[in-house]
Amino acid sequence: MFYFDKRTQYPVKVESPDPIYARMLQQAIGGIEGEIRVCMQYFFQAWGARGPTTKYRDMLLNTATEEIGHIEMLATAVALNLEKAPTKAQEAGAADAIVGAVMGGENPRHVAEGMLHKTLLSTGMAAFPGNSDGLPFDMSHVYASGNLAADMYCNVAAESTGRVLAVRLYNATNDPGMRDMWSFLIARDTMHQQQWLAVVEELGGKEGNLPIPNSFPQEKENQQYNYAFFSTSHDGSPPPEGRWTSGPSLDGKGTFSVVQNAPMGEEPVLGPARPDSGAQSQQMG
């Protein structure tokens, strides 16, 4: 069960409406780095969480609910950037090198006009649950494995890429209100990265969690290859030395080594095609 408050989680103010920036904000709503993704990810992880304690489920539910507030903030920011946006904002955006770079070389004026057309016709000058290209968020990047440690590492990755996007969007605007909003959202990304890593540490850290799942008996692994880095160079030259090529493994349960990758199996030989497979008669033997 959820409750709501009419007020936003943090102030959302726009001094100079910018339809180009509104389109960019959509990536933070419905992109793979966006808030819908992490919100749904944390909810489904929580709803499937098992264990002798409910504290991890409760933590996930609290953070997932917080993310709903972030979606609301960003949707409000999109609407405010589209509200009464002057045409000159589109023209100014075309000369902005930062916007041009972020938009991947597209003509910002065309981008702005496209955004105005979509939001006017489909959403009434409001945000929509999709990315900056107008593609709807389809939940394909929501990861909830049922393994708490695996999910926490997925969450760290999600918050890390989300913070990268947030920093880029902070740098892509000079609007004081938008920068203030992003200063808050970036701070929350910082906390959430720490939060998920704290769970990993509480579960036993690298030594206690790795390899995931830690419930599978490692004696059933092929002991020759479970800590070996495969070098796939065609001439047999060794790979550059790194933490992963020698010395004790991070979980303390093995020693890193290097193995020159070479075929260990046979060339696959398949049987003839089935008579009812629609293949050529020559394939049927």
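Model, not experiment: these values are computed from the prediction.

**Considerations on the sheet that holds strand S2 (residues 247-248)**
Thinking step 1. Taken in spatial order, the 3 strands of this open sheet run S1-S3-S2, and their pairing is mixed. A strand with exactly one partner marks an edge of an open sheet, and here the two such strands are strand S1 (228-231) and S2.

**Some details on helix H2 (residues 35-47)**
The α-helix winds at 3.6 residues per turn, so residues separated by three or four positions along the chain end up facing the same way.
Thinking step 1. For H2, which comprises 13 residues, the first-to-last C-alpha distance of 18 Å matches the rise-based estimate of 18 Å (1.5 Å per residue) to within 8%.
Thinking step 2. With 10 of its 13 residues buried, H2 lies for the most part within the structure.
Thinking step 3. Glu35, Ile36, Arg37, Val38, Cys39, Gln41, Tyr42, Phe43, Gln45 and Ala46 are the residues of H2 that are buried.
Thinking step 4. Where the residues of H2 are buried, they touch helix H1 (19-30), helix H3 (55-82), helix H7 (148-171) and helix H8 (176-202).

**Some remarks on the nonpolar core**
Thinking step 1. In terms of nonpolar packing, the biggest core is built from 27 residues, with Tyr21, Leu25, Leu74, Met178, Met181 and Trp182 touching the most fellow members.
Thinking step 2. Of all the secondary-structure elements, those providing two or more residues to this core are H1, H3, H7 and H8.
Thinking step 3. Residue contributions to this core peak at 7 residues, all from H1.
Thinking step 4. Apart from the residues within four sequence positions on either side, Leu25 is in contact with Leu74, Ala77, Val78, Asn81, Leu169, Met178, Met181 and Trp182.
Thinking step 5. Membership of the second largest hydrophobic core comes to 15 residues, among which are Leu60, Met152, Val199 and Val200.

**Points about the pairing of strand S3 (residues 255-260)**
Thinking step 1. The pairing of S1 with S3 spans 4 bridges and is classified as parallel. Its bridge partner being in S3, Ser231 is matched across the sheet by Gln260.
Thinking step 2. The pairing of S2 with S3 spans 2 bridges and is antiparallel. The partner of Pro248 across the bridge, within S3, is Thr255.

**Notes on unusual backbone geometry**
Thinking step 1. Each neighbour pair has its own omega, and for Leu210 with Pro211 the value is -10 degrees, a cis peptide bond.
Thinking step 2. Residue position: Pro211 is located in the loop between helix H9 (205-209) and S1.
Thinking step 3. A cis amide bond links Ile212 with the next residue in sequence, Pro213, at an omega value of -5 degrees.
Thinking step 4. Position of Pro213 relative to the elements: it lies in the loop between H9 and S1.
Thinking step 5. One non-glycine residue with positive phi stands out, namely Met139, at about 70 degrees.
Thinking step 6. Within the element layout of this structure, Met139 appears in the loop between helix H6 (108-121) and H7.

**Details of H8**
Thinking step 1. Its 27 residues give H8 an end-to-end C-alpha distance of 39 Å, which sits within 8% of 39 Å, the value for a rise of 1.5 Å per residue.
Thinking step 2. Measuring from the side-chain oxygen of the N-cap residue of H8 to the backbone nitrogen of Gly177 gives 3.0 Å; that N-cap residue is Asp175.
Thinking step 3. Backbone geometry just after H8 places Gly204 at a positive phi near 130 degrees.

**Focus on the packing of H2 against H7**
Thinking step 1. Closest axis-to-axis distance for the H2/H7 pair is 11 Å, and the angle between their directions is 170 degrees. Compared by their axis directions, H2 and H7 come out roughly antiparallel. The way H2 lies across H7 gives a crossing that is left-handed. Facing H2, whose interface residues are Arg37, Val38, Gln41, Tyr42 and Gln45, H7 presents Asp151, Met152, Cys154, Asn155, Ala158 and Glu159.

**Quick look at the side chain of His192**
Thinking step 1. If you trace the backbone, His192 turns up in helix H8.
Thinking step 2. Owing to a relative accessible area of 0%, His192 belongs among the buried residues under this scheme.
Thinking step 3. Residues in contact with His192, not counting those within four places in the same chain, are Thr63, Glu66, Glu67, His70 and Glu159.

**Here we look at the confidence of the model for the protein**
Thinking step 1. Mean pLDDT over the protein: 89, with 86% of residues reaching 70 or higher.
Thinking step 2. In the predicted structure, residues 93-111 sits below a pLDDT of 50 and forms 21 contacts with residues beyond four places in sequence or in another chain.

Calculation notes
- Residues numbered from 1 in each chain as written.
- Predicted model: local features only at pLDDT ≥ 70, side-chain atom pairs only at ≥ 80, totals over all residues.
- Heavy atoms only, no water.
- Pairing = 2+ DSSP bridges.
- Helix = DSSP H or I, 4+ residues; strand = E, 2+ residues; numbered from the N terminus.
- Expected span 1.5 Å × (residues − 1).
- Buried < 20%, exposed > 50% of the residue type's maximum accessible area, 1.4 Å probe, protein only.
- Contact = heavy atoms within 4.5 Å.
- Core = buried A, V, L, I, M, F, W, Y, C linked by side-chain atoms within 4.5 Å.
- Polar contact = N/O pair within 3.5 Å; in protein donor to acceptor, adjacent residues only side chain to side chain.
- Axes fitted to C-alpha atoms, helices over the stretch in contact; angles between N-to-C directions.
- Parallel < 35°, antiparallel > 145°, perpendicular 65-115°, else oblique.
- Left-handed = near helix turned anticlockwise from the far one by under 90°.
- pLDDT = per-residue confidence, 0-100.

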